[in-house]
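Take a look at the letters that make up each chain.
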Amino acid sequence: MNKILGFILTPVFYLLFGLFLGVFHPVQWMCYKIFGYKAHKKSVDYLNFCLTYCNLFLLNSISFKNEQNLPVNQPIIFVANHQSMYDIPALIWFLRKFQPKFISKIELTKGIPSISFNLKYGGGANIDRKDSKQAIGEIIKLGRRLKENNWSTVIFAEGTRARDGKIKPFQVGGIATLLKTTPNALIVPVAIENSWKIVQYGSYPLNTLLNLKWTVLPPVEREGKTTDEIVLETENAIREQLNQPCRSC
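Residues numbered from 1 in each chain as written. Predicted model: local features only at pLDDT ≥ 70, side-chain atom pairs only at ≥ 80, totals over all residues. Heavy atoms only, no water.

### Concerning the overall build of the protein chain
Thought 1: Along its length, the protein chain carries 7 helices and 7 strands.
Thought 2: Along the protein chain, helices and strands appear, N-terminal first, in the series α-α-β-β-α-β-α-β-α-β-α-β-β-α.
Thought 3: Relative to the globule expectation of 18 Å for 249 residues, the C-alpha radius of gyration of the protein chain, 18 Å, shows essentially globular dimensions.
Thought 4: Seen along its three principal axes, the alpha-carbon backbone of the protein chain occupies a region of about 55 × 50 × 40 Å.
Thought 5: Taking all 249 residues of the protein chain together, the buried fraction comes to 48%.
Thought 6: Across the protein chain, contacts joining residues at least 24 apart in sequence account for 73% of those joining residues at least 6 apart.
Thought 7: Put simply, the protein chain shows about 12400 Å² of open surface, and 56% of that area lies on carbon and sulfur atoms. (Helix = DSSP H or I, 4+ residues; strand = E, 2+ residues; numbered from the N terminus. Rg over C-alpha atoms; globule rule 2.2 N^0.38 Å. Buried < 20%, exposed > 50% of the residue type's maximum accessible area, 1.4 Å probe, protein only. Contact = heavy atoms within 4.5 Å. Areas by Shrake-Rupley, 256 points an atom, 1.4 Å probe, with all protein chains shown as cover.)

Now the structure itself:
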């Protein structure tokens, strides 16, 4: 049933998703060039509201749970598992008061309406995976912006998407670099569930009748722990939320 519905509903989803990207591209440009960062951010927020709720046209439900009393006057490093490109719009929309920034491949800063413009001018880090020196430099610059502006960032610590939903071991490097430049940052795990199933059959048809979940978990206590221990604890918190075996417990 899910797949049959997908054949019918996927064109509607793609039409609306593409329409929002096209409409918001000139809106972003005008907001950024004329009114500055705050107006641009507001346009990005509403773009990602629209992109997130495009899932309703696939008959997918959206659940975002955040019971944590997180500060807005302190940098936050949200560490999440990564299942598909559809993870991102909900994170931008539901975490909007924390002004989340992303670490992205530099190739994405060209050719994609709305998304490329935001990556280029939104304050995140755009890294060249073939140039480690450039990548580290960009992450350091991002850390400084987090510290100066009390922004947050979202890191997909697996380094790639888990296409079957099973969490891969988290990488330490990017988080360690950010912690050096933003020593007062909170580390907050975010568990993403069922997003991988949207593209279970590939880009067509998309899957339907899914319960998509994003859950913000309690911050990880950093005092007296190495970065490796912090990252492992963060990974295991997400694994526990998703009922997957802990690593090195």
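### Regarding the environment of Ala176
Thought 1: Mapping Ala176 onto the fold places it in helix H6 (residues 173-181).
Thought 2: As a C-alpha pair, Ala176 and Phe17 span 159 residues in sequence and 35 Å in three-dimensional space.

### Section: helix H7 (residues 227-241)
Thought 1: Under the 1.5 Å per step criterion, the end-to-end length of H7 is 21 Å for 15 residues, consistent within 8% with the ideal 21 Å.
Thought 2: Among all positions in H7, only Ile230, Val231, Thr234, Glu235, Asn236, Ile238 and Arg239 are buried.
Thought 3: Buried residues in H7 make contact with strand E2 (76-80), H6 and strand E6 (186-193).
Thought 4: Positive backbone phi, approximately 60 degrees, marks Asn243, located one or two places after H7. (Expected span 1.5 Å × (residues − 1).)

### Remarks on the side chain of Thr208
Thought 1: Considering the arrangement of structural elements, one finds Thr208 in the loop between E6 and strand E7 (211-216).
Thought 2: If near-sequence neighbours (up to four positions away) are discounted, Thr208 is found in contact with Asn2, Leu5, Gly6, Leu9, Leu58 and Asn60.

### Considerations on the sheet that holds strand E5 (residues 152-156)
Thought 1: Spatially, the 7 strands line up as an open sheet ordered E1-E7-E6-E2-E5-E3-E4, and their pairing is mixed. The sheet terminates laterally at strand E1 (61-66) and strand E4 (125-127), the two strands that pair on one side only. For this sheet the average axis-to-axis angle between neighbouring strands, irrespective of direction, equals 20 degrees.
Thought 2: Pairing analysis gives 5 bridges linking E2 to E6, with the strands arranged parallel. Across the sheet, Val79 pairs through a bridge with Pro189, a residue of E6.
Thought 3: Packed on one face of the sheet, helix H3 (residues 87-94) meets E1, strand E3 (100-105), E5, E6 and E7 and runs near 155 degrees to E3.
Thought 4: Helix-sheet contacts for H6 involve E2, E5 and E6, and the interaxial angle to E5 is about 160 degrees. (Pairing = 2+ DSSP bridges. Axes fitted to C-alpha atoms, helices over the stretch in contact; angles between N-to-C directions.)

### What about H6?
Thought 1: Where H6 is concerned, the buried positions are Ile175, Ala176, Thr177, Leu178, Leu179 and Thr181.
Thought 2: Looking at the buried residues of H6, the elements they touch are E2, helix H5 (132-149), E5, E6 and H7.

### Comments concerning the packing of aromatic side chains
Thought 1: This structure, assessed with the given rule, holds 16 aromatic pairs.
Thought 2: Summarising the aromatic geometry, the rings of Tyr32 and Tyr121 are spaced 4.9 Å apart at their centres and angled 40 degrees between planes, so their arrangement reads as tilted. Placement of the pair is Tyr32 in helix H1 (residues 2-35) and Tyr121 in helix H4 (residues 115-121), with a sequence separation of 89 residues.
Thought 3: Its relative accessible area of 27% is what places Tyr32 among the partly exposed residues.
Thought 4: Classification of Tyr121 by relative accessible area gives partly exposed; the value is 28%.
Thought 5: Aromatic rings pair up to connect Tyr46, Phe49, Tyr53, Phe64, Trp93 and Phe94 into one cluster.
Thought 6: For Arg96, the ring lying beneath its charged end belongs to Trp93, and the centroid distance is 3.7 Å. (Phe/Tyr/Trp six-rings, centres within 6.5 Å; stacked < 30°, edge-to-face > 60°. Lys NZ or Arg CZ within 6 Å of the ring centre and 35° of its normal.)

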